[in-house]
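Examination of the molecular architecture
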Amino acid sequence: MTKPPLLRARWPESVSRPVATPLQPSVVYASPDPDALDDQYEGRASGFTYAREGHPNADVLAGLIDRLEGAEGGVVTGSGMSAVTLALLSIVKAGDHVLGADQLYGRSLRLMQEELPRMGIATSVADPTDLKAFEAGLRPETRAILIETVANPTLRIADLRGIIALGQARGIPVVVDNTFTTPALINPLQMGADVLVHSVTKMLAGHSDATLGYVAARDPEIRARLSVLSATLGLTASPFDCWLAERGLYTFEMRFERASRNAETLAATLADHVGVKRVLYPTRPDHPDHNRAQSLLTKGGGNMVSFELDGGRAAANTLVRALDQIAFAPTLGDIATTLSHPASSSHRALTADARAALGMSEGFFRVSVGCEDPDQLTGAFAQALDQL
Ligand SMILES: *Cc1c(COP(=O)(O)O)cnc(C)c1O
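Parameters at a glance
- Residues numbered from 1 in each chain as written.
- Predicted model: local features only at pLDDT ≥ 70, side-chain atom pairs only at ≥ 80, totals over all residues.
- Heavy atoms only, no water.
- Near = heavy atom within 4 Å.
- Polar contact = N/O pair within 3.5 Å; in protein donor to acceptor, adjacent residues only side chain to side chain.
- Areas by Shrake-Rupley, 256 points an atom, 1.4 Å probe, with all protein chains shown as cover.
- Axes fitted to C-alpha atoms, helices over the stretch in contact; angles between N-to-C directions.
- Helix = DSSP H or I, 4+ residues; strand = E, 2+ residues; numbered from the N terminus.
- Left-handed = near helix turned anticlockwise from the far one by under 90°.
- Contact = heavy atoms within 4.5 Å.
- Nonpolar A, V, L, I, M, F, W, Y, C, P; charged D, E, K, R; others polar.
- Pairing = 2+ DSSP bridges.

On to the site of the ligand. Near the ligand you find Ser79, Gly80, Met81, Tyr105, Glu148, Asp177, Thr179, Ser199, Thr201, Lys202, Leu212 and Leu332, and these make up its full shell. Note that a nitrogen atom of the ligand is positioned 2.6 Å from one of the side-chain N or O atoms of Asp177. Within the side chain of Thr201, one N or O atom sits 2.6 Å away from an oxygen atom of the ligand. Within the complex, the protein chains bury 92% of what would otherwise be the 380 Å² of accessible surface of the ligand.

This part covers the packing of helix 2 (residues 56–69) against helix 9 (residues 239–249). It is at 8 Å that the axes of helix 2 and helix 9 come closest, and there the two elements cross at 35°. In this structure, the crossing between helix 2 and helix 9 has a hand that is left-handed. Across from Asn57, Ala58, Val60, Leu61, Leu64, Ile65 and Leu68 in helix 2, the residues of helix 9 making contact are Pro239, Cys242, Trp243, Ala245, Glu246 and Leu249. Residue composition of the contact of helix 2 with helix 9, by class: 11 nonpolar, one polar and one charged.

Another aspect to go through is the sheet that holds strand 1 (residues 75–77). Ordered by their spatial adjacency, seven strands build an open sheet running 1-7-6-5-4-2-3, and the pairing between neighbours is mixed. In this open sheet, the two strands that pair with only one neighbour each are strand 1 and strand 3 (122–126). The sheet shows a mean angle of 20° between the axes of neighbouring strands, direction not considered. Summarising the sheet, strand 4 (residues 142–148) and strand 5 (residues 174–177) pair through four bridges and their orientation is parallel. Its bridge partner lying in strand 5, Ile147 is registered against Val176. Strand contacts of helix 3 (residues 80–89): strand 1, strand 2 (97–101), strand 4, strand 5, strand 6 (195–199) and strand 7 (213–217), with the helix running at about 165° to strand 6, the strand carrying the most contacts. Strands in contact with helix 8 (residues 220–233) are strand 1, strand 6 and strand 7; relative to strand 7, the strand with the most contacts, it is inclined by about 150°.

Bringing the sheet that holds strand 12 (residues 364–368) into the picture now. As summarised here, the arrangement of the five strands in space is 8-9-12-11-10, forming an open sheet in which the pairing is mixed. In this open sheet, the two edge strands, each paired with only one partner strand, are strand 8 (276–280) and strand 10 (327–328). Relative to strand 11 (residues 338–340), strand 10 runs parallel, the two sharing two bridges. Bridging from a neighbouring strand, Phe328 pairs with Leu339 of strand 11. Sheet contacts for helix 10 (residues 252–271): strand 8, strand 9 (304–309) and strand 12; angle to strand 9, the most-contacted strand, approximately 10°.

These figures come from the coordinates and say nothing about function on their own.
Next comes the structure, spelled out in structure tokens:
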């Protein structure tokens, strides 16, 4: 028996190249000699050394999202939350203050309220739909602003242009989480935002099988800190997740277009149905921020719809059970429609009064609309509502 070689087997040579991007799981990369390593570390030659510091599948994915957002040098991370964390920690230090929107993604709020204060970073929140109120939340030591354009799950629309202008006037970096709106609707960096964040887990990857984040910055100094801090804190993404997300990204535009059209149709169906108290969809004339939606969301209202049933928890249970073809799951952006009930999931930590103040009763639902056949989808909801 011939023993295996000392080095692992070589990849076969080929004059043709693969059409699909190869998946490269290697944690470590072998170099020819110390001089070559010097060249790499000092930027005279490009290449990889160790996967936590960067790997080909993350670079490929980051480059594709850069294109969608008009960004440069974006960094892919292991989750949307690591992206939010990386964005803020690249800008602020102990003694600084961060002003956030009052309806951020639940974990982002927890980062602001529970973790950053432990590091000596003060935080507070204000209403981003009211520029005066938001401005009043600024402090002399405010060093970052964190907002989302469309709030989850109330779909209220922030004064994005006003807040970006405010940040620019005061020299405070504005971080925008663009997960909900996606690059198909808004490109925050192009509008003057300083830092952009995505949970790639959601619409961009689109199949609920990869957990990833993305951060990009306009200022080269912040950009440099993003990659160093990501490697130091170990926020790096798995090559396999990057590979899956890249594959998903090629159909992002088509999926989002179909899902947004479905969402508009579903919103109309729900609004026409007895037993539905109200429907929230950004481009509907009865949306509380309709004027802002018209000026900001010129490419459409997106794939998220919220609605409120007449009746409380009992009606909510009946609806979810009747919608047995739709996954009742607290996520968004999947190829299939998912239904979430904030009072029992994302917003269960709030008191009933606090939820009521946000307009989120026991009958309140959020739908992440998917790419199904529109008639089948609206039919399933109509049939389920008829059982109430
Ligand atoms: C899901 C989500 C996040 C967090 O992303 P993960 O990939 O789950 O860590 C952050 N912001 C928004 C708006 C989200 O929807």
